[in-house]
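Structural overview
Given next are the chains, with one letter for each unit.
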Amino acid sequence: MAKKSLFDMKPVKGYEKKLEDFFPMERRCSNCLGCKFVPFEKIKSNRFGRNCPSVWHYNFNTYSARGRFQLGQNIIEDGYVKFEGQALDAIFNCQACGACDVGCKVTRFNLEPLAHNIALKERAVEKGLAPVELKAAANSLTKQKTMLPDAKKANRADWAAGLKLKDVSGKETAEYVFFPGCQYAYDPELQKKAKTYVKVLQKAGVDLGYLGKLDMCCGGRAKQTGFREEFEAEAHANAAAWEKAGVVKIVTPCSDCYHAIKRQYALLGIKVEVVHAVELIADLVKAKKLKFKKTLDVAVTYHDPCHLGRLGEPHEDWNGTEKKILNQVHTWEPPRPRYAGTYGIYDAPREILAAIPGVRLIEMERIRENSWCCGAGGGCSVFNPEYSDAIASERVTEAQATGAEAIVTACPWCEINLTGIESDNGTYLDVVDIIDLVAKAL
Amino acid sequence: MATKDSLKTILGNANVIDNPDVLASYAVSHSFDKNFKPWYVVKPKDAETVEKLVAFANETKTPLVPVSSTGVKLRGDSVPGVPEAVVVDLSGMDKILNVNRQQRMVVIEPGVTYDRLSAELAKQNMVIAGSLKPKKGQSVLTDIVEAVPRLNPMIQWNFFDPLRCAEVTWGDGTRMSTGEAAGGPLDLKTQWGKQQWQVQYMGPWMTDYFRLVTQAQGSMGIVTWASLKTAVKPLIHQLYVAEADDLADLEGFVYKAMWTRFPDEIFILNNMQLASLMGKTQAEIESLKEVLPPWIVAASAAGRELIPEVRFEARSKDLIDIAQASGLDLKEGLSNLSGRALYQEATSTDGDVYWKDLYAGSHQNVFFLTQLDKTGVFLRAVREIAEDFGYPTEDIGVYIQPKHQGSSYHMEFTFPYDPDSAKQTARVQDLTESVSVAVADLGGYYSRPYGKWAGIQLNKDAQSLMALKRLQKIFDPNDVMNPGKLAI
Amino acid sequence: MALTREFYRALEDVVGGRNISEDPAVTENYRCITAQSSAHYGPEDTRTPKPQAVVLPGSTDEVQQIVKLCNKYKVEFKAASTFWAAMGFIGSDNAIQLDMIRMDSIEVDAKNMLAIVEPFAVGGTVQVEAMKNGLTCNIAGVGCSSSTLAGSSGWVGFGPSSIFTGIASENLLGAEWVLPDGEIIRTGTLGSDGEWFCGEGPGPSPRAIFRGWTGTAGTMGVCTKIAIRLHPWPGPKWIPVRGTAPLYMADGLDNVRAYTICFPSWDAYAEGFRLLYEADVCYLAHRQFNMFGRDIKTALVEIFTHPEKQFCDIPALVEDPYLKEQNADMKIDVQIVLAGFSERDLDYKEKAFDAILEQIGAHKSEYYLQQDIEDFTKLYLLRLARKNYNYTLCSSYEGNFGLSANVFVAAPLMEEAAALKKKWEQTHTGVAAVGGDSDMGSVSGIGGGGTTGWEFFVHFDGFDRDSIYDSKAHIDETAAWMKEKGLGADFGRWNTEVRHPDGYNYTQEEHDAMYSKIAQPGLATYQWKIREAFNPNHLTGSYYKTATPPECKGKK
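Within each chain, residue numbers correspond to sequence positions counted from 1 in written order. Ligands are numbered from 1 and chains lettered from A, in the order in which they are written. Reporting in this predicted model follows two pLDDT cut-offs: at least 70 for local features of residues, and 80 or more for side-chain atom pairs to be given and counted; totals over whole chains, interfaces and linings ignore these cut-offs and use all residues. Values shown for side chains rest on all heavy atoms present in the structure; no hydrogens or waters enter the calculation.

1. Overview of the overall build of chain C
Selection rule: Put simply, DSSP marks the helices as runs of H or I at least four residues long and the strands as runs of E at least two long, and each gets a number from the N terminus on. Put simply, the radius of gyration uses C-alpha atoms, and a globule should come to 2.2 Å times the residue count raised to 0.38. In this count, Lys and Arg are taken as positive residues and Asp and Glu as negative ones, while His and the chain termini are left out. Charged side chains are reduced to one point each, which is NZ for Lys, CZ for Arg, CG for Asp and CD for Glu.
Check the secondary structure of chain C and you find 20 helices and 20 strands. Its C-alpha atoms give chain C a radius of gyration of 23 Å, near enough to 24 Å, the size a compact globule of 556 residues would have. Counting only C-alpha atoms, chain C reaches 70 × 55 × 45 Å along its principal axes. For chain C, the separation between the mean place of its 52 positive charges and that of its 72 negative charges on side chains is 4 Å.

This is the structure we're talking about:
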């Protein structure tokens with residue numbers, strides 16, 4: 001195997017952004033409210049018109065991307081504010097869901113609110129000011145190769161017990177390596193679903209393997225929570241493991257892993273082909289390698305996971321220069337990639353649902369690039385469950401408003417965070433992993 | 001005598017009147033409220049004189065009652081409500097100061113009447129949106145400043161349209177103009193020289209000064225000119241009518257027509273009000289009332305200078321279609337009522353006897369604002385009260401007029417009675433008092449609170465009363481402007 | 001000037017601990033950096049004063065209690081919702097900021113065509129609720145992300161559709177208002193009957209003091225709820241959108257047409273406006289895209305409708321032969337939307353529109369007849385969802401000139417104004433060089449037409465110190481030109497009348513010097529008296545223009 005074929009390990013230009021690099025953005029933000037509302041052309045009601053969980057919940061401007069731009073300016077440039085008190089609260093109570101990023105880029109070309117939010121977290125982490133729960137999770141990542149509390153490295157592959165799955169950490173090879181992610185690997189309920197994924201893919205004839213003892217966390221959550229060093233270490237460790245195992249293609253059922261590997265790893269120069277399981281299944285359905293024989297008769301709504309949807313766009317290499325034209329028009333030559341959520345994974349899960357007889361998909365108001373976060377992002381479910389639950393409750397309420405009987409999703413974090421959550425009217429809605437519908441209908 | 005001398009000094013001998021008969025004529029109105037004869041009637045000819053007069057009134061605490069219209073006084077607001085008052089008769093200030101076709105603006109003094117203004121505007125193919133058959137001597141300016149509803153509510157983006165700017169001498173004696181006009185000098189000619197045509201009525205800063213003289217019954221100041229927005233005169237026009245047995249049957253059509261903004265004029269009349277409008281004698285009204293349908297809605301289509309036929313045809317056909325979809329047959333006329341004749345009557349000024357007085361000799365009105373879907377509630381309540389008083393319900397005239405592009409509806413009940421009959425007079429007085437209270441209880445809004453309505457309305461709204469008191473203290477600190485009228 | 005603990009605790013009791021903060025992370029976030037925004041005023045790093053606390057009231061009762069406490073403790077206050085403009089921010093060190101974000105309800109009475117809205121209901125959400133009922137609302141030119149209530153109560157409030165939907169003042173019905181002294185007034189029908197449909201009277205309208213031409217810019221207490229008139233919308237309950245983010249286009253609005261008129265001259269422009277007013281054909285009329293500048297406006301629309309393109313493509317697009325020709329064709333242009341309430345209505349409007357064009361020798365831009373461009377334009381104008389494009393080019397702008405509300409006065413001056421700006425663009429580097437004329441013109445500043453708005457966009461980079469100062473100097477020059485022409489205050493200098501360059505309030509003496517010698521001093525002296533009557537403790541800053549009446553000099 002040619003060692004340089006998959007990973008050149010050289011960070012791409014622009015990745016090394018420090019908080020100070022964001023000064024121009026902080027000053028160029030125009031307070032348009034794009035980071036507080038769903039893009040107005042797409043908004044369908046006042047009730048479900050907001051896009052940012054953080055400012056929706058906390059209300060103070062500081063908790064919005066615009067507020068964080070001003071906060072960054074206040075902290076770094078002006079010294080009016082220190083990394084303490086509500087500054088830290090606003091910095092960390094951000095799901096890093098990217099809704100603000102999409103909202104901003106509807107009209108702006110030179111602002112990166114999500115990257116700025118994360119840069120603020122990174123600076124706070126550097127100063128040792130992260131919430132203790134997040135520190136513990138990052139510590140666990142280093143030691144146990146997972147950010148889930150109490151999970152042990154030794155138990156990482158337990159989920160695969162009983163499966164006839166190639167272990168590529170040894171001599172076996174496979175076209176696709178199944179990368180379950182921590183939730184599917186450790187959560188007892190989700191372990192069953194991971195097995196279902198494997199069985200469904202195998203049934204369709206996919207040549208599937210797993211990483212066995214080399215499997216570990218993607219580290220994506222570390223990136224979202226500001227633990228950049230830990231994330232990079234994890235990414236490099238994974239890359240090394242994949243090199244060793246001869247990984248060609250990765251399939252993951254986890255949206256966080258998908259985003260981390262597809263977008264964040266690419267920024268580090270780690271470029272491996274990764275697909276989310278729903279993409280693969282949708283292709284298999286289209287190719288008639290998976291055929292649904294049973295009718296399910298259920299009305300469902302689909303929750304777009306942030307990291308599969310708007311943050312699931314592929315990375316684009318860019319190596320241009322910043323310039324001003326026409327005296328004061330700031331731009332880049334050639335055009336710099338503008339991740340506006342356009343090319344996220346939205347259609348594949350919907351195609352699967354459409355193919356299952358009897359499944360009626362009723363869309364929520366906030367979908368696709370404007371999906372409302374489940375609340376779990378940015379580590380919020382770990383260190384601030386009350387807040388995370390409030391955000392989940394808002395989503396369940398929105399789902400209920402469609403009249404659907406269940407929420408279907410394609411991300412274990414969303415699944416866990418939405419399950420058992422009361423809506424505004426005090427009732428609950430079933431939360432279903434898309435693979436369970438698929439398996440049931442086969 | 002000192003007062004008379006001072007007034008003569010300010011106004012000139014000929015413009016200060018204390019002839020008892022003349023004074024008495026200024027104390028007569030349709031209102032049952034207590035009236036006082038003025039001590040003097042003065043007739044200023046210009047704003048400077050008005051300014052001096054108000055300054056004098058402040059020095060001497062002399063009540064001033066502005067009057068601009070001539071003829072029968074229908075509401076009593078321009079009759080002194082306190083003794084020792086001086087009536088300021090502005091009917092002689094009757095110049096049309098400026099007509100501007102480019103901007104469709106006209107600037108008039110208080111004494112200008114509809115007939116004169118219409119004739120002048122017609123020369124340049126313009127028209128002012130009128131009220132329902134105003135009296136001959138009706139001041140256009142007062143009619144509009146007092147927010148009497150217009151037959152064409154579509155021109156009213158603002159509640160007070162077509163009123164734009166005004167020149168006011170406030171109760172404290174300060175003369176200033178309102179809206180755009182206040183941004184320049186008082187002298188209009190200077191403003192016109194800069195192509196400033198008094199178009200924009202708001203502010204001009206943070207206070208809408210013009211709103212303080214509207215619906216004020218002369219209690220805040222005296223308006224000496226106003227600029228008004230006119231419309232282009234239609235080249236083709238047809239007032240269509242549709243009949244209905246119940247008021248509720250008209251609701252769907254009116255809402256939809258208002259939504260489309262297709263009509264120019266649009267209003268609702270019951271058979272009695274319609275008969276009063278069309279009939280020339282008591283007998284004619286009586287017989288018309290019998291044959292006319294219980295309710296009609298009138299809505300017009302018009303074509304103006306630009307492709308008039310196309311607009312007229314589109315509007316006509318669409319209005320007819322909307323009516324049809326609402327279960328109404330909108331036509332050029334009914335068997336006994338021509339739409340054109342109705343338009344002619346509705347938009348012309350009155351004869352020697354006010355049209356609502358033709359039937360029985362006099363009348364009382366109760367009018368207020370509501371929403372269209374609530375009009376039925378008032379109708380039922382008023383009829384029940386009338387029955388309780390033994391008043392013939394078939395004699396009650398009803399007029400409903402959308403205002404402000406339909407955001408509110410003027411509802412007006414007219415109770416004709418014989419003023420020579422003490423019993424009828426007493427009955428209608430008691431009846432209208434009861435109706436007035438009941439209307440208020442049901443949520444009818446006396447935005448123009450004449451007579452007793454002021455007390456009824458302001459008793460329901462302590463904070464507005466408080467605000468008005470504070471404002472009156474600013475603009476009329478000595479309470480010289482038509483005191484006793486607004487119950488502030 | 002720290003707040004007393006008693007005052008803070010009392011505020012906390014009113015709104016609850018999670019809805020008040022004096023943490024610098026929060027309070028520093030409620031300072032407007034005026035020089036970087038469209039206030040564009042003062043030194044580049046100057047901010048409005050820091051509030052001593054930020055409070056998030058959740059109801060009118062809470063607002064009233066807060067205002068009463070402010071009166072008791074003599075602390076200034078100001079409420080704002082979207083903080084779009086400098087006027088929303090306080091002007092004193094002894095002040096608290098009310099952020100109205102928690103109050104965002106919208107109720108629509110479809111039949112009677114009105115909506116009852118709270119402060120944080122923005123144009124975009126009010127409109128989307130209205131459209132479900134076949135209705136729409138006036139959205140001020142600032143865009144649909146601004147508060148409907150703030151526009152209706154606090155500032156001018158006309159926009160592209162005002163020719164059909166009227167302006168904020170005209171649409172304001174009943175209003176609930178916490179006066180600066182803590183009393184609550186409910187105007188019109190609301191005060192007596194709890195109904196919202198009329199805000200006038202009883203008798204002379206008390207609303208006169210809350211909402212003149214400019215609104216009271218947050219100085220007459222806190223408006224907590226208003227009703228506005230809604231206007232007919234003949235389209236679907238929600239405008240279908242096609243295209244992928246961020247390019248969205250209206251889909252299938254067959255009875256709505258968008259055109260760009262190319263005028264042969266400024267005289268024709270003025271005459272065209274007059275005819276458009278008289279023919280009542282327009283659903284919307286606005287000189288929109290010229291705000292990017294005469295030379296590059298078509299290039300910008302190309303970029304917005306082709307997401308793969310960015311500003312670095314401007315030079316090539318400007319030189320593209322087809323676009324160059326089209327751009328030149330629409331040197332003097334206006335965007336128009338026609339909406340048909342029936343087939344006949346649309347037919348009439350199309351014919352009337354064509355007749356007007358013929359009469360003045362104008363024509364429709366070919367470029368804007370392309371389906372995608374027309375559909376982008378329709379969505380842009382109808383929803384005003386992308387008013388942040390005002391800022392996109394350079395991140396900041398300030399409007400200048402203002403010219404005259406009378407189109408027959410302003411139009412003949414346009415080329416001179418444009419030349420003045422173009423010269424600046426060529427001789428200085430602080431202002432974006434876009435071709436001089438960057439006027440965004442409201443066809444109607446009043447319902448039904450009759451006045452016009454003129455605003456040249458001075459695009460500058462809010463990050464770039466030199467750009468800030470250079471653009472400021474440019475506006476100083478245009479302000480002098482405006483004065484020389486007798487056109488009144490320059491649009492870009494309105495802020496100089498209401499707060500100091502350092503962001504602080506003016507004193508009464510300073511206001512006296514500014515306003516006691518105006519043509520009609522009553523404007524300012526009556527406002528002084530109104531303030532004394534309704535705001536006796538002077539707690540709302542100096543945006544409220546006053547002059548001490550001569551007879552009151554020396555008195556409080």
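2. Quick notes on empty space enclosed by the protein
Put simply, the rule reads: Only protein atoms enter the calculation, which uses a 1 Å grid: trapped sets of points that fit a 1.4 Å probe without letting it out are cavities, open sets showing protein on both sides within 12 Å along at least five of seven lines are pockets, and any residue with an atom within 4 Å of a point is a lining residue. Grid points are joined across faces, edges and corners, and a volume is the space filled by probe spheres set on the points. As a working rule, the residues Ala, Val, Leu, Ile, Met, Phe, Trp, Tyr, Cys and Pro are called nonpolar, Asp, Glu, Lys and Arg charged, and the rest polar, with Gly in that last group.
A full pass over the atoms with the stated rule returns 18 cavities of 30 Å³ or more. Of all elements in the fold, only strand 11 (231-232) and helix 10 (308-325) of chain B together with helix 6 (162-165), helix 9 (266-279) and helix 13 (343-360) of chain C reach the threshold of two or more residues within the lining of the largest cavity. It is helix 9 of chain C that provides the largest number of residues to the lining of the largest cavity, a total of three residues. Across the lining of the largest cavity, the residue classes break down as 17 nonpolar, six polar and 13 charged. Within this model, the second largest cavity holds a volume of roughly 300 Å³. If you trace the second largest cavity, you find 27 residues lining it, with Cys29, Asn31 and Arg66 of chain A together with Cys32 and Ser37 of chain C closest to the centre. Those elements that provide at least two residues to the lining of the second largest cavity are helix 1 (23-28) and helix 3 (65-77) of chain A.

3. A word on the interface of chain A and chain C
For interface size, the figure often reported is the accessible area lost on association. Condition: Every residue pair with non-hydrogen atoms within 4.5 Å of one another is taken to be in contact. A quick way to say it: buried area is the sum, across both parts, of accessible area lost when two parts are put together, with a 1.4 Å probe. By definition, a salt bridge exists where a carboxyl oxygen of Asp or Glu is found within 4 Å of a side-chain nitrogen of Lys or Arg. The definition of a polar contact used here is a pair of N or O atoms within 3.5 Å, where within protein one atom must be able to donate a hydrogen and the other to accept one, and adjacent residues in sequence count solely through side-chain atom pairs.
Listed per partner, the contact involves 60 residues of chain A and 76 residues of chain C. Contact between chain A and chain C buries roughly 5,900 Å² in total, counting both sides, with carbon and sulfur atoms accounting for 55%. Here chain A is connected to chain C by five salt bridges. The residue Arg28 of chain A makes a salt bridge to Asp461 of chain C at a minimum N-O spacing of 2.6 Å. Linking chain A with chain C are 36 residue pairs in polar contact (both at pLDDT 80 or more), by the criterion used here. Every element with two or more residues in the side of chain A that touches chain C is listed here: helix 1, helix 2 (53-58), helix 3, helix 4 (85-92), strand 7 (321-325) and strand 8 (329-333) of chain A.

4. Observations concerning the domain arrangement of chain C
Residues and elements named next belong to chain C. The line we're drawing: Those domain boundaries reflect an automatic or database domain assignment.
When cut into domains, chain C gives domain 1 (5-99), domain 2 (106-232), domain 3 (241-496) and domain 4 (508-552). Placing the centre of domain 1 and that of domain 2 at their C-alpha centroids yields a distance of 23 Å. Between domain 1 and domain 2, the residue contacts involve 14 residues of the former and 23 residues of the latter. Between domain 1 and domain 2, roughly 1,500 Å² of surface is buried when both sides are summed, and carbon and sulfur atoms account for 67% of that area. Viewed at the interface, domain 2 and domain 1 are joined by zero salt bridges. The interface formed by domain 1 and domain 2 contains six residue pairs in polar contact (both at pLDDT 80 or more). When residues of the side of domain 1 that touches domain 2 are assigned to their parent elements, the largest contribution, six residues, is made by helix 3 (residues 60-73). Counted by class, the side of domain 1 that touches domain 2 contains seven nonpolar, five polar and two charged residues.

5. A closer look at the packing of helix 14 (residues 347-355) of chain A against helix 18 (residues 434-441) of chain A
Residues and elements named next belong to chain A. Inclusion rule: Helix axes use the C-alpha atoms of the stretch in contact, all axes being lines fitted to C-alpha atoms, and the angles between their N-to-C directions lie in the range 0 to 180 degrees. Working definition: roughly parallel below 35 degrees, roughly antiparallel above 145 degrees, roughly perpendicular at 65 to 115 degrees, and oblique for all remaining angles. Whether a crossing is left-handed or right-handed is set by the direction in which the near helix is turned from the far one by less than a right angle, anticlockwise for left-handed and clockwise for right-handed.
Relative orientation of the contacting elements helix 14 and helix 18 amounts to 30 degrees, with a least axis distance of 10 Å. Relative to helix 18, helix 14 is oriented roughly parallel. Helix 14 and helix 18 meet at a crossing whose hand is left-handed. Residues Pro349, Ile352 and Leu353 of helix 14 form the contact with helix 18, whose own contacting residues are Ile434, Leu437 and Val438. Looking at the contact of helix 14 with helix 18 residue by residue, the classes come out as six nonpolar, no polar and no charged.

6. Describing the domain arrangement of chain B
Residues and elements named next belong to chain B. For chain B, the domain assignment lists domain 1 (2-89), domain 2 (96-232), domain 3 (236-347) and domain 4 (360-441). With centres defined by C-alpha atoms, the gap from domain 2 to domain 4 works out at 30 Å. The partner domain 4 presents nine residues to the eleven residues of domain 2 that form the contact. In this structure, the connection of domain 2 to domain 4 is made through eight residue pairs in polar contact (both at pLDDT 80 or more). Along the lines of polarity and charge, the residues of the side of domain 2 that touches domain 4 split into eight nonpolar, two polar and one charged.

7. Things to note about the sheet that holds strand 5 (residues 96-100) of chain B
All names here are of chain B. Filter applied, for reference: Strand pairing is assigned whenever DSSP identifies at least 2 bridges connecting the two strands.
The strand order across the open sheet built from five strands is 5-6-10-8-9, with neighbouring strands paired in antiparallel fashion. Only two strands of the sheet have a single neighbouring strand rather than two, namely strand 5 and strand 9 (175-177). On average, adjacent strands in this sheet sit at an angle of 10 degrees to one another, irrespective of strand direction. For strand 5 and strand 6 (residues 105-108), the ladder comprises four bridges, and the chain directions are antiparallel. Paired with Val99 across the two strands is Val106, which belongs to strand 6. Across the sheet, helix 4 (residues 114-122) is in contact with strand 5, strand 6 and strand 10 (221-229); its angle to strand 5 comes to roughly 35 degrees.

8. A look at the side chain of Asn171 of chain C
Residue and element names in this part refer to chain C. Our working rule: Only protein chains enter the calculation, and the probe is 1.4 Å; a residue is then buried if its accessible area is under 20% of its type maximum, exposed if over 50%, and partly exposed in between.
Here Asn171 shows up in helix 7 (residues 168-171). According to the relative accessible area criterion, Asn171 is buried, its value standing at 3%. Those residues in contact with Asn171, other than ones at most four positions away along the chain, are Asn138, Thr165, Gly166, Ala227, Ile228, Arg229 and His231.

9. Things to note about the pattern of salt bridges
Taken as a whole and assessed by the stated rule, the structure comprises 103 salt bridges over all chains. Among the salt bridges present, the one from Glu122 of chain A reaches Arg228 of chain A, with a minimum N-O distance of 3.5 Å. With Glu122 of chain A in helix 6 (residues 113-126) and Arg228 of chain A in helix 11 (residues 228-245), this pair connects stretches of sequence that are 106 residues apart. Comparing Glu122 of chain A with Arg228 of chain A shows no difference in burial state: the two are buried. Residues joined by salt bridges that share partners form a network here, namely Arg287, Arg294, Lys297, Asp333, Glu415, Asp437 and Asp439 of chain C.

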